[in-house]
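Below, each chain spelled out in residue letters.
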Amino acid sequence: MSARERDVVVVGAGVVGAAIARELTRFALDVVLLEAGPDVGAGTSKANTALLHTGFDAKPGTLEARLVRRGCELLGAYAARVGIPVQRTGALLVAWDDEQLAALPGIAATARENGHDDLREVAAAELSAREPHLGPGARGALEVPGESIVCPFTPPLAFATEAVLAGCELRRETPVVGVERLMRGGYAVHVPGGPIRTRFLVNAAGLRSDEIHRMAGFGGFTVTPRRGELIVFDKLARPLVSHILLAVPTQTTKGVLISPTVFGNVMLGPTADDLEDKTATGSTREGLARLRAEAARIMPALLDHEVTAVYAGLRAATEHVDYRIEVDGDAGYACAGGIRSTGLSASMAIAEHVREQLGAAGLALAPRPESELPALRMPNLGEAFPRPYAQAERIAADPEYGRVVCFCERVTRGEVRDALASPIPPSDLDGLRRRTRALMGRCQGFACGANVAALLESGRV
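Definitions and cut-offs
- Every chain is numbered on its own, with residues counted from 1 as its sequence reads.
- Given that this is a predicted model, residues contribute local features only at a pLDDT of at least 70 and side-chain atom pairs are listed and counted only at 80 or more, while totals for whole chains, interfaces and linings are drawn from all residues.
- Heavy atoms throughout the structure, all of them, feed into the side-chain values; hydrogens and water do not.
- A run of H or I in DSSP counts as a helix once it spans at least four residues, and a run of E counts as a strand once it spans at least two, with each numbered from the N terminus.
- Partly exposed residues are those whose accessible area sits between 20% and 50% of the maximum for their type, while under 20% is buried and over 50% is exposed, using a 1.4 Å probe and protein chains only.
- Residues count as neighbours in contact if any of their non-hydrogen atoms are within 4.5 Å of one another.
- In this scheme, a helix's expected span is set at 1.5 Å multiplied by one less than its residue total.
- The definition of a polar contact used here is a pair of N or O atoms within 3.5 Å, where within protein one atom must be able to donate a hydrogen and the other to accept one, and adjacent residues in sequence count solely through side-chain atom pairs.
- Between the N-to-C directions of two axes lies an angle of 0 to 180 degrees, each axis being a line fitted to C-alpha atoms and, for a helix, fitted only over the stretch in contact.
- Angles below 35 degrees are treated as roughly parallel, those above 145 as roughly antiparallel, those between 65 and 115 as roughly perpendicular, and all remaining angles as oblique.
- In this classification, Asp, Glu, Lys and Arg are treated as charged, Ala, Val, Leu, Ile, Met, Phe, Trp, Tyr, Cys and Pro as nonpolar, and every other residue, Gly included, as polar.
- The source of the domain bounds is an automatic or database domain assignment.
- Here's the idea: put two parts together, see how much 1.4 Å probe accessible area each one loses, and the total over both is what we call buried area.
- Think of a salt bridge as a Lys or Arg side-chain nitrogen and an Asp or Glu carboxyl oxygen that are within 4 Å of each other.
- Consider a residue and the seven residues that end there alongside the seven that start there; fitting an axis to each set, the bend is the angle between those axes.
- Only buried residues count toward a nonpolar core. Its members are Ala, Val, Leu, Ile, Met, Phe, Trp, Tyr and Cys residues joined through side-chain atoms within 4.5 Å.
- Whether two strands pair comes down to DSSP finding at least two bridges between them.

Draft legend 1. Quick look at the environment of Ile 84. If you trace the backbone, Ile 84 turns up in the loop between helix 2 (63-82) and strand 4 (86-87). Judged by its relative accessible area of 5%, Ile 84 is buried. Separated by 297 residues in the primary sequence, Ile 84 and Leu 381 place their C-alpha atoms 7.8 Å from one another. Apart from residues no more than four positions distant in its own chain, Ile 84 is found in contact with Tyr 78, Ala 79, Val 150, Cys 151, Thr 154, Pro 155 and Ala 158.

Draft legend 2. Summary view of helix 2. Under the 1.5 Å per step criterion, the end-to-end length of helix 2 is 27 Å for 20 residues, consistent within 8% with the ideal 28 Å. Buried residues along helix 2 sit against helix 1 (15-24), strand 3 (51-52), strand 4, helix 5 (154-165), strand 19 (324-328) and helix 8 (343-360).

Draft legend 3. Region of the structure containing the side chain of Thr 174. Within the secondary structure layout, Thr 174 lies in the loop between strand 9 (169-171) and strand 10 (178-181). Polar side-chain contacts of Thr 174 include one of 2.9 Å to the backbone oxygen of Arg 172. Not counting the four nearest positions on each side in its chain, Thr 174 is found in contact with Leu 34, Glu 35, Ala 36, Val 191 and Pro 192.

Draft legend 4. How the structure looks around the environment of Ala 141. Tracing the chain through its elements places Ala 141 in strand 7 (residues 140-144). Along the sequence, Ala 141 and Val 94 sit 47 residues apart, while their C-alpha atoms lie 4.3 Å from each other. Not counting residues within four places of it along the chain, the set of residues in contact with Ala 141 comprises Leu 92, Leu 93, Val 94, Ala 95, Leu 104, Arg 120, Glu 121, Val 122 and Leu 127.

Draft legend 5. Expanded view of the packing of helix 2 against helix 8. Axis separation between helix 2 and helix 8 bottoms out at 6 Å; the angle between their running directions is 100°. When the axes of helix 2 and helix 8 are compared, the pair comes out roughly perpendicular. In this structure, helix 2 uses Leu 63, Arg 66, Leu 67, Val 68, Arg 70, Gly 71, Cys 72, Leu 74, Leu 75 and Tyr 78 to contact helix 8, whose residues at the interface are Leu 344, Ser 345, Ala 346, Met 348, Ala 349, Ile 350, Glu 352 and His 353. The residue makeup of the contact of helix 2 with helix 8, split by class, is 12 nonpolar, three polar and three charged.

Draft legend 6. The arrangement of the domain arrangement of the protein chain in detail. Domains assigned within the protein chain are domain 1 (5-47 + 153-222 + 320-371), domain 2 (91-145 + 224-317) and domain 3 (388-460). Between the C-alpha centres of domain 1 and domain 2 there is a distance of 32 Å. Between domain 1 and domain 2, the contact holds 13 residues from the first and 12 residues from the second. When domain 1 packs against domain 2, close to 1000 Å² is buried across both sides, 61% of that on carbon and sulfur atoms. For domain 1, the biggest contributors to the area lost against domain 2 are Ala 47, Leu 207 and Arg 340; these three give 46% of the whole. Counting the contacts that link domain 1 with domain 2 gives two salt bridges. Of the charged contacts, one joins Lys 278 and Glu 211 as a salt bridge, the two residues approaching to 2.8 Å between their closest N and O atoms. Where domain 1 meets domain 2, there are four residue pairs in polar contact (both at pLDDT 80 or more). Residue classes in the side of domain 1 that touches domain 2 are distributed as four nonpolar, five polar and four charged.

Draft legend 7. Structural view of helix 3 (residues 98-113). Look at helix 3: 24 Å from first C-alpha to last across 16 residues, which is about the 22 Å you get at 1.5 Å a residue. The principal kink in helix 3, of about 30°, is found at Leu 104, preceding the proline Pro 105 by one to four residues. All of the buried residues in helix 3 are Leu 104, Ile 107, Ala 108 and Ala 111. Contacts made by the buried residues of helix 3 are with strand 5 (91-95), strand 6 (120-123) and strand 7. The backbone nitrogen of Glu 99 lies 3.1 Å from a side-chain oxygen of the residue at the head of helix 3, namely Asp 97.

Draft legend 8. Up close: the nonpolar core. With 54 residues, the main nonpolar core has Ile 20, Leu 24, Tyr 78, Ile 325 and Ile 350 as its most contacted residues. Of all the elements in the fold, those that place two or more residues in this core are strand 1 (5-11), helix 1, strand 2 (31-34), helix 2, helix 5, strand 12 (196-203), strand 20 (333-337) and helix 8. Tallying contributions element by element places helix 2 first for this core, with nine residues. In this view, Ile 325 contacts Leu 63, Leu 67, Cys 335, Ala 336, Ile 339, Ile 350, His 353 and Val 354; residues no more than four positions away in its chain are not counted. With 25 residues, the next largest nonpolar core counts Ala 111, Cys 151, Val 262 and Leu 381 among its residues.

Draft legend 9. Focus on the side chain of His 353. As for its position among the elements, His 353 is in helix 8. The exposure class assigned to His 353 is buried, which follows from its relative accessible area of 11%. Those residues in contact with His 353 that sit more than four places away from it in its chain are Leu 63, Arg 66, Leu 67 and Ile 325.

Draft legend 10. Region of interest: the sheet that holds strand 4. Strands sit in the order 3-8-4 across an open sheet of three strands; the sheet is antiparallel. Here the strands that pair on one side only, and so sit at the sheet edges, are strand 3 and strand 4. One ladder, built from two bridges, connects strand 3 with strand 8 (residues 148-150); its direction is antiparallel. Bridge pairing in strand 8 links Leu 51 to Ile 149.

The following block contains the structure:
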């Protein structure tokens, strides 16, 4: 066992765990961030609907409702500061029949309970004018002006990078295989290579959070993975849609949405299927058929365009309607479990909440001077913002930013070089893709894959 006792070990480097690690390293603490997978944000966090939610439709009075609203504010400001692409497109929650139309005032009332009084009903004629490619039969909509689209890949990387630059130790490919509560207090967290002693343990393990919870001696929830399949359409489809198009929710699902992405594509999904297998991230014939049927109803013209990619993500659903965030001060344990599709939006607020609760439980929180905190600017991946290939002055200063290696997404050698030299470099092609957009385009790496793989293998350009 390592003789050095840490202040906090955070299990899970998804968007929530990385946000918690970042928040804690803003204080004079010795923090370790453990990730079972090969990279930061490589699990649930990389396969979501890429929306920055206001939380207008959360169940009033829940912790989720409060943290999503607060998190939207925090992440919006943070994104502007560090260069995470966000576009405030607004959303239209579309009603297709009398029952759905009659539900809109109730949804607006829920939004007001959650502190959002800017929603308004949109008549069918205005809806048709604003979204002319909608299928026939739309009866009206509820406008949610604050909803935005965001890059889902950059936030966890930004959080973890800030944490690492502030002194956090990040260990990737380090699964937790056991948790031992020590007689003198604290924990021995058992990982390959030997246990780590820590005074406080934070469980942000996503799909595995219930397993870590039981290892630590607690119970009360079980994660049932909920698979969401999505289809990404070619950039030529982008003019079809101006807003995030939401469905009127039912008792069991929020339904299928159509949304632009910050990368210039159009996204359709997700499905919602409860499973037992926490590794079942493959797409299915049945799921994709359901999505195409929904597209034919919502926006038939979308099916005239090529599909760029399909993917599926697993959400950490539990038997409870709210997040499972709890802190046991006597045990020195915190759990952030049951964080479903709103986790990206709420991540910074969850981190803030967990830090406050840990402080109340006895974790000494001495703020570090601002001069010791890292100043960060992440590479821009958004299509609506300046990209290196189009920046003449940047290319003149460094010609590598003018040498394109992925022509579908116009990714340059300079961007690949920067990713490989970053504080948290990619360990595989998937990690490089999420840092640069290489291999994300129409050809899915058919043209550039060998060259990009060679650059990753060499580790230099």
